[in-house]
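# Residue-level structure breakdown
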Amino acid sequence: MKKKVLAVVLAAAMAFSLAACGGEGKEGNTGANGDNKQEETQDPSGSDAEGETEDSEENAGSEEGEENAGGSENGGTDQTEISLDGSWPEETVKIGFIGYDSTSEQQLAIQNYFDSLEESYNIEIMYSEDLADAEAELNFIADCAAAGCKGIIGYYNEAKEEAAKTASAQGMYYWGSFGGDADSFNAVKDDEYYLGGYTLGEAEYEAGRSMALALAEQGCEKVVLCSGGASMGVPMFVDRKDGFLAGVEEAVAGGATMEVVEEVEGWPGTDAFTAAQTSVMDMEIDAIASTFDVAMWFQLVMESGKADSISLACIGEVSDTYYDFFNSGLVTCIVYDNEEVVFGNAIPMILNAVSGNKLVNEDGSAILFPVERWTITDPEDFNAVYDLHDAGEFVISAEDMAQLITALNPEANTESFTSYYGSFNIDSVK
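In what follows, the accompanying structure is described. Treat the numbers as computed from the prediction; the structure is a model and nothing was measured. (Residues numbered from 1 in each chain as written. Predicted model: local features only at pLDDT ≥ 70, side-chain atom pairs only at ≥ 80, totals over all residues. Heavy atoms only, no water.)

### Looking at a negative patch on the surface
Taken together, the side chains of Asp-320, Asp-324, Asp-387 and Asp-390 make up a negatively charged region of the molecular surface. Among the elements of the structure, α13 (320-328) and α16 (379-390) are those that each provide at least two residues to the negative patch. As for its placement among the helices and strands, Asp-324 is situated in helix α13. Judged by relative accessible area, which is 56%, Asp-324 ranks as exposed. (Patch = residues over 30% accessible without salt bridge, like charges linked within 9 Å, V, L, I, M, F, W, Y side chains within 5 Å. Areas by Shrake-Rupley, 256 points an atom, 1.4 Å probe, with all protein chains shown as cover. Salt bridge = Lys/Arg side-chain N within 4 Å of Asp/Glu carboxyl O. Lys, Arg positive; Asp, Glu negative; His and termini not counted. Charge placed at Lys NZ, Arg CZ, Asp CG, Glu CD. Helix = DSSP H or I, 4+ residues; strand = E, 2+ residues; numbered from the N terminus. Buried < 20%, exposed > 50% of the residue type's maximum accessible area, 1.4 Å probe, protein only.)

Spelled out as structure tokens, the structure:
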């Protein structure tokens, strides 16, 4: 991605926030129009990421944004003169990362991004072992406190608000939005050590819906749906299934011929799932859509000789696993959480808080701001992200991030931060 694009996006967001806020940038930073904007972002289930993105894109395209970039590759000339050589902050900020699968490509991609940031900032990430329950999660938080961590990243969260409360009791900041659980967020939103985090709004529902619409646009008529934990009542998978079915109805209402001819419940590795896979391969179908990974179908489809007639769609990653299959046309849709945008914002949020500039709403509560999931449907878009990461570059660089840290850029505040992270979509990397 061209640095100039990032500079313009950030500069425009800064220009908007400064015009409205007068450049506020001290403890308790809040955004412009906080009464309206922040009311929208406090509810984990009611945020409108699409609206946020449209506003940011309009700002990004303005001539004013170009001018405010000030000729700087990183979006301005107001940054405090501190070299990003790993020496700032003066004291190492140790951060605990709560994970659950150290082999997953998404977690590995997050770790790769954080590793790159450790070269620019004086931070150290302490990664958990693969955790499987709330007790192990809380025990790891205690270990982080003993190791001197200043912040916790709740990538995995089974303990919900208890994790944030446990971190707070030990004097550590906690980043994470509890998977969109509104009750958990509201239980700790006023805690001085709770930072908040991103929200995908109705993203689980929209992820399913966007998959269905993408397959309909590609001409798929008979579709198998892998619904994961929907039949078990797991909210995330219930929402994804409901969204997919709604997308099918929407496509049909628009004139498409499309139906779900089979639903495969549960998880790979079980006898029931394996039996269902065998049955599906005997059917005449156009697509298999999965509300989670879809790699378990690769070998079966290839061996069946139907790779040219079946499309695969899923909620997954831009990664080595999908590279060949996306470029060959077997995988035709991936709904993707970009690691730098969705998870990377934890770093500047923690660095702001540790340096005495916690980003908050006007009422002092934790922020919960919308970011966008990316629906990728063609190899050009997939490869734009893949090639960027393969070259060791990122959608948001350490220099870009510096503009969002008040100690490095006094004009940074809640509004500029949330507007910036909310501005990214798949077009941002083209």
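Anyway, onward from the coordinates.
### Section: the nonpolar core
One finds Tyr-121, Ile-288, Trp-297, Leu-312, Ile-347 and Tyr-421 to be the most contacted residues of the largest nonpolar core, which totals 80 residues. The greatest single-element share of this core, amounting to six residues, is contributed by helix α15 (residues 346-354). One finds Ile-152, Ala-163, Tyr-194 and Leu-368 within the second-largest nonpolar core, a separate group that totals 21 residues. (Core = buried A, V, L, I, M, F, W, Y, C linked by side-chain atoms within 4.5 Å.)

### Section: the pairing of strand β5 (residues 194-199)
Here β5 lies mainly inside the structure; six of its six residues are buried. Across two bridges, the pairing between strand β4 (residues 173-175) and β5 is parallel. In the strand pairing of β5, Tyr-174 is matched with Tyr-194. After leaving β4, the chain enters helix α8 (residues 182-188) and then returns to the sheet as β5, a path that is right-handed. (Pairing = 2+ DSSP bridges. Right-handed = clockwise from strand over helix to strand, strands pointing away.)

### Let's talk about the pairing of strand β10 (residues 331-336)
Within β10, six of the six residues are buried, which leaves the element mostly enclosed by the surrounding structure. By the bridge criterion, five bridges tie strand β9 (residues 311-316) to β10 in an arrangement that is parallel. Within the sheet, the bridge partner assigned to Ile-315 lies in β10 and is Val-335. For the handedness criterion, the β-α-β arrangement of β9, α13 and β10 is classed as right-handed.

Shape descriptors only; they carry no functional weight alone.
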